[in-house]
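Architecture and fold: a report
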Amino acid sequence: MSSGIEIRAAHFPGRPPIDAYGNGGFRFADMSHRGSIFCLPSGVHGWDVVEGQALTMDLFKQVLAETKDIEFLLVGTGLSIRPLPAELKTALRAANVSSDPMSTGAAVRTYNVMLAESRAVAAALIAV
């Protein structure tokens with residue numbers, strides 16, 4: 001017997017390219033997700049961040065847990081480019097991960113190209 005609706009954290013266990021972005025979300029793998037996302041080696045995960053929110057080290061815990069499989073982290077910071085926290089850049093550098101903040105649109109396009117080239121790329125994308 002069913003116990004009702006089960007709410008789970010958003011997760012797609014694959015590495016699909018991003019087909020579209022905008023209107024507050026993303027489309028990939030014939031699905032859509034409202035809100036921000038991480039595109040990591042373990043799959044696409046929902047990310048509880050909104051445009052304009054302060055970027056803190058704590059928001060990137062999931063990325064830092066997977067650095068052994070990441071060489072490049074693209075951070076789509078929304079409509080405009082914002083710098084990453086210095087402590088995050090230091091932690092990523094210590095794990096041999098290059099990081100690059102850019103607008104979300106540029107990050108999506110760059111992620112798709114690097115993914116097609118089979119690069120060890122990850123992305124943290126703030127929905128616009």
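See the structure shown above.
Keep in mind that what you see is a predicted model, and the values were worked out from it rather than measured. (Residues numbered from 1 in each chain as written. Predicted model: local features only at pLDDT ≥ 70, side-chain atom pairs only at ≥ 80, totals over all residues. Heavy atoms only, no water.)

In spatial order, the strands read S2-S3-S4; together these three strands make up an open sheet with antiparallel pairing. Pairing within the sheet leaves two strands with one partner each, and these edge strands are strand S2 (18-22) and strand S4 (31-34). Direction aside, neighbouring strands of the sheet carry axes that sit 15° apart on average. Bridge count for strand S3 (residues 25-28) against S4 is four bridges, and the pairing is antiparallel. Its bridge partner lying in S4, arginine 27 is registered against serine 32. (Pairing = 2+ DSSP bridges. Helix = DSSP H or I, 4+ residues; strand = E, 2+ residues; numbered from the N terminus. Axes fitted to C-alpha atoms, helices over the stretch in contact; angles between N-to-C directions.)

One pass over the full model with this rule turns up four aromatic pairs. Arranged with centres 6.4 Å apart and planes meeting at 55°, the rings of phenylalanine 38 and phenylalanine 60 form a pair that is tilted. Placement of the pair is phenylalanine 38 in strand S5 (residues 36-40) and phenylalanine 60 in the loop between strand S6 (43-47) and helix H1 (61-64), with a sequence separation of 22 residues. Through a chain of ring-to-ring contacts, the aromatic side chains of Phe38, Trp47 and Phe60 assemble into a single cluster. (Phe/Tyr/Trp six-rings, centres within 6.5 Å; stacked < 30°, edge-to-face > 60°.)

Our focus in this paragraph is the pattern of salt bridges. The final tally for this structure, using the stated rule, is three salt bridges. Here aspartate 58 makes a salt bridge to lysine 61, at a shortest N to O gap of 3.1 Å. Exposure remark for lysine 61: the relative accessible area of 54% places this residue in the exposed category. Across the pair arginine 119 and glutamate 117 runs a salt bridge, and its minimum N-O distance is 3.3 Å. (Salt bridge = Lys/Arg side-chain N within 4 Å of Asp/Glu carboxyl O. Buried < 20%, exposed > 50% of the residue type's maximum accessible area, 1.4 Å probe, protein only.)

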